[in-house]
Protein chains: 2
Amino acid sequence: MFQGEYTNNMDDKGRLNIPAPFRDVLQRNYNEPTIIVARDPQTACLRAYPLQEWKRLLAKVGARPSNDRVVQAFKRTVISSAQEYHPDKQGRVLIPQTLRTYAGMSKATVFAGSVNTFEIWDAKAWDAQLTSSLALLQDQDLDF
Amino acid sequence: MFQGEYTNNMDDKGRLNIPAPFRDVLQRNYNEPTIIVARDPQTACLRAYPLQEWKRLLAKVGARPSNDRVVQAFKRTVISSAQEYHPDKQGRVLIPQTLRTYAGMSKATVFAGSVNTFEIWDAKAWDAQLTSSLALLQDQDLDF
DNA sequence: ACAAATTACCCACTTTTACCCACTAAGCGC
DNA sequence: GCGCTTAGTGGGTAAAAGTGGGTAATTTGT
């Protein structure tokens, strides 16, 4: 289970260091270090899936009629961007330019746990998102 | 059951000493010293949960539709910030910079019991909150 | 097929964290 | 009051995490 929020720096080569706690979860709960990274279609961030979770997502998409316009759009945005990454000995992956651009990533990068996936954000974008999420919750009557 | 208010100092390394009475409650009522600390979304403080109480919260959140905007905001602010902490031999935990910043913590830190969780405040912020809470209660018709 | 660019892999360094030990101050009983 | 216990605090050290960079392998383009 991915939880917690970590900030790491992308280096000049475009390599991203997956936070150690997330690597632990991958190893312990999924028995392999590989992740799939794809666009998150509704926010300007990337989402990382353990292989198993990604397959589950594919199955769900496959169950829907393939002429559904939403399904088509989903395939074009998310599935097309998805790629497998094998972290190096230091636990880093090289994210391609297109995805970096999509998430507006430059250097400081936030990794945010999201139960069975985790999100990858540019630090500034993450802060902005956080501020607006907090504002939204401010007036809510939360019962948990 | 967490009750009472205690003030401890965060040291230069960012370590926070959990007040002994709270550690006792964790050990006696929950049989383990581990806590989850996360943002409190509506006030500038952190909230510490025994594992069992945290799981209860997760269950409540999971029972709500995941496309609910409030639920999404809650996940991004609270769940993402949640992390497990294992106090050291002296009963201290190291709180990361992001959470310290969120709660405006510098040195003097207040721990306030809140039945099945407890709150962690910067001492100054706690005083301000206390004043306004008292003001709110002034005109109320309390029947307990 | 060859040169240039990109990527993967490895090694080394720096910073941070976890763990342990020790000291001080505050209560408590005798 | 004196010694004991317990809570709180400070700091050293070894391991782990994060970061930077070199080089070989691979890919790409011509």
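The coordinates are above.
Residues numbered from 1 in each chain as written. Chains lettered and ligands numbered in written order. Predicted model: local features only at pLDDT ≥ 70, side-chain atom pairs only at ≥ 80, totals over all residues. Heavy atoms only, no water.

Student: So what exactly am I meant to see when it comes to the interface of chain A and chain B here?
Tutor: Each partner contributes to the interface: chain A provides 23 residues, whereas chain B provides 23 residues. Of the roughly 2,200 Å² buried at the junction of chain A and chain B (both faces included), carbon and sulfur atoms supply 59%. Our count for the contact surface shared by chain A and chain B stands at three salt bridges. Here arginine 64 of chain B makes a salt bridge to aspartate 143 of chain A, at a shortest N to O gap of 3.7 Å. If you look at where chain A meets chain B, you find ten residue pairs in polar contact (both at pLDDT 80 or more). (Contact = heavy atoms within 4.5 Å. Buried area = accessible area lost by both parts, 1.4 Å probe. Salt bridge = Lys/Arg side-chain N within 4 Å of Asp/Glu carboxyl O. Polar contact = N/O pair within 3.5 Å; in protein donor to acceptor, adjacent residues only side chain to side chain.)

Student: How should the sheet that holds strand E7 (residues 108-114) of chain A be read in this particular structure?
Tutor: Sheet strands line up and pair through hydrogen bonds in the backbone, either parallel or antiparallel. Residues and elements named next belong to chain A. With antiparallel pairing, six strands are arranged side by side in an open sheet as E1-E7-E8-E4-E3-E5. Two strands in the sheet have a free side with no partner beyond their single neighbour: strand E1 (5-9) and strand E5 (83-85). Each neighbouring strand pair of the sheet contributes to a mean axis angle of 30°, computed without reference to strand direction. As judged from the six bridges shared by strand E3 (residues 35-40) and strand E4 (residues 45-50), these two strands associate in the antiparallel manner. The residue of E4 that forms the bridge with arginine 39 is leucine 46. (Pairing = 2+ DSSP bridges. Helix = DSSP H or I, 4+ residues; strand = E, 2+ residues; numbered from the N terminus. Axes fitted to C-alpha atoms, helices over the stretch in contact; angles between N-to-C directions.)

Student: Explain the protein's contact with DNA strand C to me, please; I cannot follow it from the model alone.
Tutor: In the vicinity of DNA strand C, the contacting residues are Lys13, Arg15, Gln90, Arg92 and Leu94 of chain A together with Lys13, Arg15, Lys89, Gln90, Arg92 and Leu94 of chain B. Across the atoms of DNA strand C situated within 4 Å of the protein, the share located in sugar and phosphate is 35%. Residue glutamine 90 of chain A places a side-chain N or O atom 2.6 Å away from a base nitrogen belonging to DNA strand C. Within the contact set of DNA strand C, a base nitrogen lies 3.5 Å away from a side-chain nitrogen or oxygen of arginine 92 of chain B. Elements supplying a minimum of two residues to the surface near DNA strand C: strand E6 (92-94) of chain A together with strand E6 (92-94) of chain B. (Near = heavy atom within 4 Å.)

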